[in-house]
2 protein chains.
Amino acid sequence: MGACHTRANVPPRPLRLATSAAVQKDAARPSPVALIAKKRDGHEHTSAEVHALVAAIMDGSLADYQTTAWLMAAFLRGLGEREMVALTDAMLASGDTLKLGSVDAPKVDKHSTGGVGDKISICLGPLVAACGAAVPMIAGRGLGHTGGTLDKLESIPGYDVHLDARKFERVVREAGVSIIGQTARLAPADKRIYALRDVTGTVACIPLIVASILSKKLAEGIDALVLDVKVGRGAFMPDRASAEQLARSLVRVGKRSGKRVTALLTDMDAPIGRTIGNALEVREAIDVLRGGGPADTRELTLLLGAEMLVMTRLAKNRGEARQKLERAMADGSGLERLARMVRLQGGDARYVLEPERLPKARHRIEVRAPRSGYVNDIDALGLADLAVAIGAGRKRAEDVVDPAVGIELCVTRGDALTVGAPLALLHVQSRKHEAAWVEAALSSFSIGARRNPVPPILIDRLR
Amino acid sequence: MGACHTRANVPPRPLRLATSAAVQKDAARPSPVALIAKKRDGHEHTSAEVHALVAAIMDGSLADYQTTAWLMAAFLRGLGEREMVALTDAMLASGDTLKLGSVDAPKVDKHSTGGVGDKISICLGPLVAACGAAVPMIAGRGLGHTGGTLDKLESIPGYDVHLDARKFERVVREAGVSIIGQTARLAPADKRIYALRDVTGTVACIPLIVASILSKKLAEGIDALVLDVKVGRGAFMPDRASAEQLARSLVRVGKRSGKRVTALLTDMDAPIGRTIGNALEVREAIDVLRGGGPADTRELTLLLGAEMLVMTRLAKNRGEARQKLERAMADGSGLERLARMVRLQGGDARYVLEPERLPKARHRIEVRAPRSGYVNDIDALGLADLAVAIGAGRKRAEDVVDPAVGIELCVTRGDALTVGAPLALLHVQSRKHEAAWVEAALSSFSIGARRNPVPPILIDRLR
């Protein structure tokens with residue numbers, strides 16, 4: 001309970017309005033205003049009410065200005081688990097659910113809450129496919145400091161992220177993995193609600209995030225889902241408590257929707273791997289599929305992939321799963337799956353097998369260590385902002401990204417440095433703002449006289 | 001501080017989003033989303049921000065769906081006194097302020113938060129005018145259980161509530177009082193914001209109510225204002241704490257806007273006087289202006305009028321003020337002012353001087369006491385709902401009211417009754433639902449074996 005109050009000293013307390021019996025009788029079929037007021041006053045909606053709300057949003061009987069009032073009330077009052085389940089179901093039911101009837105393999109996907117240098121989907125999907133799973137993945141575009149898997153894959157000439165359901169199913173069947181963008185037919189209610197959240201300060205709300213993520217992922221027709229919930233400066237939610245709360249809600253609501261769900265909380269203080277920027281990240285993912293790549297990119301891929309294989313019973317335990325995944329790296333079967341997916345989606349698979357073909361920026365600016373010491377910290381958010389500034393990301397949804405530009409790290413946390421040693425290469429198309437860019441890059445590195453311990457990638461595992 | 005939370009067990013706590021330095025730099029000129037987020041997180045807006053918000057609402061750069069998100073955040077987070085002052089000023093500044101330059105008399109008005117049987121404006125305005133004040137009153141229409149002064153005055157054939165500023169000033173100058181409806185040029189921001197509050201469950205919010213009331217009243221160009229804040233079943237806010245909080249906020253914000261402001265908290269458990277319904281209430285107001293009328297209607301008129309005369313220094317103290325007002329009742333000068341106002345606004349003044357001309361309903365249904373005893377309670381809300389049911393009020397803004405119908409009480413609280421004695425007369429146009437109406441009327445009277453003390457009209461006086 002609780003309601004409007006002047007801030008000074010009055011605790012949330014209901015400000016009752018006189019309501020006549022005649023008005024109360026109408027409450028049997030609640031009006032839009034009654035539904036908004038119910039959430040405003042901190043009450044829990046029935047599942048039927050949540051479905052009615054989403055239906056009213058989609059048929060226009062709830063105006064946008066009423067939807068946003070409800071969203072703000074939900075933001076500030078919260079939604080309970082039953083409401084999250086109902087909201088997920090209702091948003092899922094607003095569109096199609098892929099059946100993938102011709103795909104025999106167990107269907108599993110991964111969702112990351114978004115990070116800096118997060119190219120994991122590009123190596124993970126093909127690897128898991130090579131181990132026997134089917135990965136029907138709907139991915140997103142980058143915005144702000146968070147990169148997007150679709151932008152990265154579009155570094156490969158011809159790669160088409162817009163497949164219809166039939167074509168998507170074919171690629172999943174034949175390559176074991178397909179990565180495409182959200183279509184208008186999958187969870188359209190999420191699309192509509194998200195657009196309103198984006199312009200009303202109601203994005204950062206765990207229950208709404210949960211329903212948004214799960215409605216889209218469940219529309220893929222999957223059996224199991226692993227969630228990579230990022231924690232740290234470069235993450236959507238910087239603090240562990242919020243991230244953990246999000247992860248727990250995702251797991252609980254996903255399970256109540258009948259799916260096998262696991263969440264990993266992983267470190268996102270420093271960028272993942274050595275690259276930030278679209279073509280650079282594809283190349284790093286290919287390196288992992290060739291059995292190489294940075295240790296942390298590789299490890300995160302193995303951690304997530306192991307969960308996926310265990311949940312789909314393609315491996316008895318995580319140890320066996322890791323062995324299978326490592327084999328798929330070593331024998332090139334993962335790389336072959338990526339090439340197959342790219343080819344089936346209209347892309348030029350030579351770019352996968354000969355990644356030196358990927359677009360290259362005109363200039364490389366070296367950023368060198370101003371003093372000797374140990375790399376104790378690399379600020380993912382600072383470098384992400386720099387990546388946006390040089391054209392690798394978007395400030396606004398309508399911005400165009402340049403696939404060639406980005407940041408290549410020459411060091412990782414824990415490395416010892418001598419003065420003048422290379423810290424990073426900025427892949428840029430112009431040197432116009434070179435000094436400012438170098439300064440921004442330098443300020444993202446913290447170099448100390450003593451070596452700090454490097455935090456582990458995996459913070460926690462929630463089932 | 002505080003933000004989104006799942007309800008279960010998490011206290012309001014900020015859910016921080018990673019924000020890059022680039023984004024923070026933009027905060028110098030806050031975006032609409034930044035303003036919404038600021039209120040969402042419980043921070044206080046600067047006055048400049050509040051003015052920017054209202055300007056953005058009026059020029060359309062803040063979309064309705066953003067305005068309503070902000071309104072819900074303001075509802076749940078509250079507004080501080082400085083924000084209320086700024087919101088009042090900004091809404092006032094969105095339109096014209098009447099100058100009334102040709103009116104020499106001190107300008108004073110009364111605002112009631114709305115009650116049942118509240119015809120006070122119709123006798124109070126003319127009486128106070130007869131005592132030397134000018135009363136430029138913008139009044140409203142009835143909705144739900146609350147009656148509206150405009151509807152009541154329109155029982156008088158020809159009475160025009162739509163005057164332009166020039167004509168309004170002329171009536172105030174020549175009659176000392178004019179009662180009209182809100183025009184599109186006075187506080188248009190309030191009109192726009194109120195329309196959005198009405199459909200998003202954000203009406204019952206004290207800071208928003210304060211700014212709404214005061215912006216309209218200050219647009220009248222008044223020097224002083226008395227507020228009749230109703231408490232009880234028939235009031236907008238049934239509980240004393242909320243009503244008192246509203247009254248205090250109104251007085252504080254009104255004073256910070258440079259006006260003399262007093263608020264009376266008055267009882268609204270039982271209807272005011274003996275009538276509910278438009279023509280019936282005009283008749284009762286005329287009775288008061290003729291020196292008669294029910295004791296409580298008369299007393300409430302004197303209480304409010306005395307504050308108005310003291311604030312405008314037309315009386316040294318409340319005692320002297322009451323004497324002046326009583327004289328204006330006894331000598332007919334108040335009645336003459338009402339007749340003058342009606343005439344100047346196009347109405348037929350014979351209806352004021354010969355109120356038996358006022359529209360009459362076809363039937364009168366007697367409601368009789370089912371047992372003997374004392375009238376211990378009369379439920380204002382129950383009777384107001386009945387009045388709406390028989391056509392005297394509106395369920396929806398687009399409903400038409402019938403001026404002739406209504407409820408006439410034959411008793412007041414504290415009266416002794418014998419079985420079968422008349423309790424009320426229902427003035428109706430048809431007997432179709434007679435049994436249900438009588439039952440509804442009866443259930444609004446509480447008759448006991450012992451006489452309960454009758455609560456005083458005046459609960460508290462706040463300056």
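Residues numbered from 1 in each chain as written. Chains lettered and ligands numbered in written order. Predicted model: local features only at pLDDT ≥ 70, side-chain atom pairs only at ≥ 80, totals over all residues. Heavy atoms only, no water.

1. Details of the overall build of chain A
Logical step 1: Secondary structure summary: chain A contains 18 helices and 13 strands in total.
Logical step 2: Out of the 463 residues belonging to chain A, those deemed buried represent 59%.
Logical step 3: Carbon together with sulfur atoms contributes 50% to the accessible area of chain A, which is approximately 17,300 Å² in total.
Logical step 4: A gap of 2 Å separates the mean positions of the 65 positive and 53 negative side-chain charges of chain A. (Helix = DSSP H or I, 4+ residues; strand = E, 2+ residues; numbered from the N terminus. Buried < 20%, exposed > 50% of the residue type's maximum accessible area, 1.4 Å probe, protein only. Areas by Shrake-Rupley, 256 points an atom, 1.4 Å probe, with all protein chains shown as cover. Lys, Arg positive; Asp, Glu negative; His and termini not counted. Charge placed at Lys NZ, Arg CZ, Asp CG, Glu CD.)

2. Things to note about the environment of Lys-360 of chain B
All names here are of chain B.
Logical step 1: With respect to the helices and strands, Lys-360 occurs in the loop between α16 (350-353) and β7 (363-368).
Logical step 2: A C-alpha to C-alpha distance of 26 Å links Lys-360 and Ser-178, two positions 182 residues apart in sequence.
Logical step 3: A distance of 2.3 Å separates a polar side-chain atom of Lys-360 from the backbone oxygen of Glu-356. (Polar contact = N/O pair within 3.5 Å; in protein donor to acceptor, adjacent residues only side chain to side chain.)

3. Details of the sheet that holds strand β10 (residues 416-417) of chain B
Residues and elements named next belong to chain B.
Logical step 1: Pairing in this open sheet of 3 strands is antiparallel, and the strands run β10-β8-β12 from one edge to the other. Of all the strands in the sheet, the pair left with one neighbour each is β10 and β12 (445-448).
Logical step 2: Both strand β8 (residues 373-378) and β10 contribute to a ladder of 2 bridges, which runs antiparallel. Pairing of Tyr-374 across the sheet is with Ala-416, part of β10. (Pairing = 2+ DSSP bridges.)

4. Some thoughts on the sheet that holds strand β6 (residues 275-276) of chain B
Residue and element names in this part refer to chain B.
Logical step 1: Sheet architecture is open: 4 strands sit in the order β6-β9-β11-β7, paired in antiparallel fashion. One side of each edge strand has no neighbouring strand; the edge strands of this open sheet are β6 and β7.
Logical step 2: Packing against the sheet, helix α17 (residues 380-389) makes contact with β6, β9 (406-409) and β11 (422-428), and its axis sits at approximately 140 degrees to β9. (Contact = heavy atoms within 4.5 Å. Axes fitted to C-alpha atoms, helices over the stretch in contact; angles between N-to-C directions.)

5. Observations regarding helix α8 (residues 165-175) of chain A
Two residues of an α-helix separated by three or four positions point the same way, owing to the 3.6 residues in each turn.
All names here are of chain A.
Logical step 1: Among all positions of α8, only Phe-168, Glu-169, Val-171, Val-172 and Ala-175 are buried. Across the axial projection of α8, the buried residues extend over an arc of 160 degrees, all falling on one side.
Logical step 2: Next to the buried residues of α8 lie α6 (120-130), β2 (135-139), β3 (177-181) and α15 (333-344).
Logical step 3: Following α8 by one or two positions, Gly-176 has its phi on the positive side, about 85 degrees. (Arc of directions from axis to C-beta.)

6. A short note on the pattern of salt bridges
Residues and elements named next belong to chain B.
Logical step 1: Throughout the structure, instances matching the rule amount to 74 salt bridges over all chains.
Logical step 2: When the shortest N-O distance is used, the salt bridge between Asp-190 and Lys-216 registers 3.6 Å. Remark: Lys-216 occurs in helix α10 (residues 206-218) and Asp-190 occurs in helix α9 (residues 188-198); sequence separation between them is 26 residues.
Logical step 3: Classification of Asp-190 as buried rests on a relative accessible area of 3%.
Logical step 4: Given a relative accessible area of 24%, Lys-216 falls into the partly exposed group.
Logical step 5: A salt bridge links Glu-320 to Lys-316, with the nearest nitrogen and oxygen atoms 3.4 Å apart. (Salt bridge = Lys/Arg side-chain N within 4 Å of Asp/Glu carboxyl O.)

7. Quick notes on the packing of α6 of chain A against helix α13 (residues 295-311) of chain A
Describing two packed helices takes the angle between their axes plus the distance from one axis to the other.
All names here are of chain A.
Logical step 1: Packing of α6 against α13 brings their axes to within 10 Å, and their N-to-C directions diverge by 45 degrees. Considered as vectors, α6 and α13 are oriented oblique to each other. α13 is crossed by α6, and the crossing has right-handed handedness. Of α13, the residues touching α6 (which contributes Ile-120, Cys-123, Leu-124, Leu-127 and Val-128) are Thr-297, Leu-300, Thr-301, Leu-304, Gly-305, Met-308 and Leu-309.
Logical step 2: When the residues that make up the contact of α6 with α13 are grouped by side-chain class, the tally is 9 nonpolar, 3 polar and no charged. (Parallel < 35°, antiparallel > 145°, perpendicular 65-115°, else oblique. Left-handed = near helix turned anticlockwise from the far one by under 90°. Nonpolar A, V, L, I, M, F, W, Y, C, P; charged D, E, K, R; others polar.)

8. A closer look at the environment of Leu-127 of chain B
Residues and elements named next belong to chain B.
Logical step 1: The topology assignment puts Leu-127 in helix α6 (residues 120-130).
Logical step 2: In this structure, the C-alpha to C-alpha distance between Leu-127 and Tyr-65, residues 62 residues apart in sequence, is 45 Å.
Logical step 3: Filtering out sequence-adjacent residues up to four positions away, Leu-127 remains in contact with Leu-289, Thr-301, Leu-325, Ala-328, Met-329 and Gly-334.

9. Overview of unusual backbone geometry
Logical step 1: A positive phi angle, close to 45 degrees, is found at Ala-187 of chain A, a residue other than glycine.
Logical step 2: Its location among the elements puts Ala-187 of chain A in the loop between β3 and α9 (188-198).
Logical step 3: Even without a glycine there, the phi angle at Arg-313 of chain B is positive, about 60 degrees.
Logical step 4: Of note, Arg-313 of chain B is situated in the loop between α13 (295-311) and α14 (318-330).
Logical step 5: You can call Arg-313 of chain B exposed: its relative accessible area is 65%.

10. Notes on the pairing of strand β5 (residues 260-267) of chain B
All names here are of chain B.
Logical step 1: Taking burial as the measure, the 8 residues of β5 include 7 buried ones, the bulk of the element.
Logical step 2: Looking at chain direction, strand β4 (residues 224-231) and β5 are connected through 8 bridges and run parallel. Looking at the pairing, Asp-228 lines up with Leu-264 of β5.
Logical step 3: The parallel pair β4 and β5 is bridged by helix α11 (residues 240-256), and the resulting crossover is right-handed.
Logical step 4: Across 4 bridges, the pairing between β5 and strand β13 (residues 458-462) is antiparallel. Note that in β13 the partner of Leu-265 across the bridge is Asp-460. (Right-handed = clockwise from strand over helix to strand, strands pointing away.)

11. Some remarks on the pairing of strand β2 (residues 135-139) of chain B
Logical step 1: Burial analysis of β2 of chain B places 5 of its 5 residues in the buried class, which makes it a mostly covered element.
Logical step 2: The two faces of β2 of chain B match: Val-135, Met-137 and Ala-139 of chain B on one face and Pro-136 and Ile-138 of chain B on the other face are all buried.

12. Description of α9 of chain A
Logical step 1: Restricting attention to buried positions, one finds in α9 of chain A the residues Pro-188, Ala-189, Asp-190, Ile-193, Leu-196 and Arg-197 of chain A.
Logical step 2: Residues of α9 of chain A that are buried in the fold lie against α3 (47-59), α4 (64-77), α5 (81-93) and α10 (206-218) of chain A together with α4 (64-77) of chain B.

13. What about the packing of α6 of chain A against α15 of chain A?
Residue and element names in this part refer to chain A.
Logical step 1: The contact between α6 and α15 brings their axes to 8 Å, and the two run at 110 degrees. Relative to α15, the element α6 lies roughly perpendicular. In this structure, α6 contributes Ile-122, Pro-126, Leu-127, Ala-129 and Ala-130 to the contact, and α15 contributes Ser-333, Gly-334, Arg-337 and Leu-338.
Logical step 2: By residue class, the composition of the contact of α6 with α15 is 6 nonpolar, 2 polar and 1 charged.

14. Brief notes about the confidence of the model for chain A
Residue and element names in this part refer to chain A.
Logical step 1: When pLDDT is averaged along chain A, the result is 92; 94% of the residues meet or exceed 70.
Logical step 2: Note on residues 1-28: pLDDT under 50 across the span, and 75 contacts to partners over four residues away in sequence or across chains.
Logical step 3: Both scores are given for the predicted complex: the pTM is 0.85, the ipTM 0.83. (pLDDT = per-residue confidence, 0-100.)

15. Things to note about the environment of Asp-348 of chain A
Logical step 1: Its location among the elements puts Asp-348 of chain A in the loop between α15 and α16 (350-353).
Logical step 2: Sequence spacing of Asp-348 of chain A and Ile-156 of chain A is 192 residues, and the spatial spacing of their C-alpha atoms is 6.6 Å.

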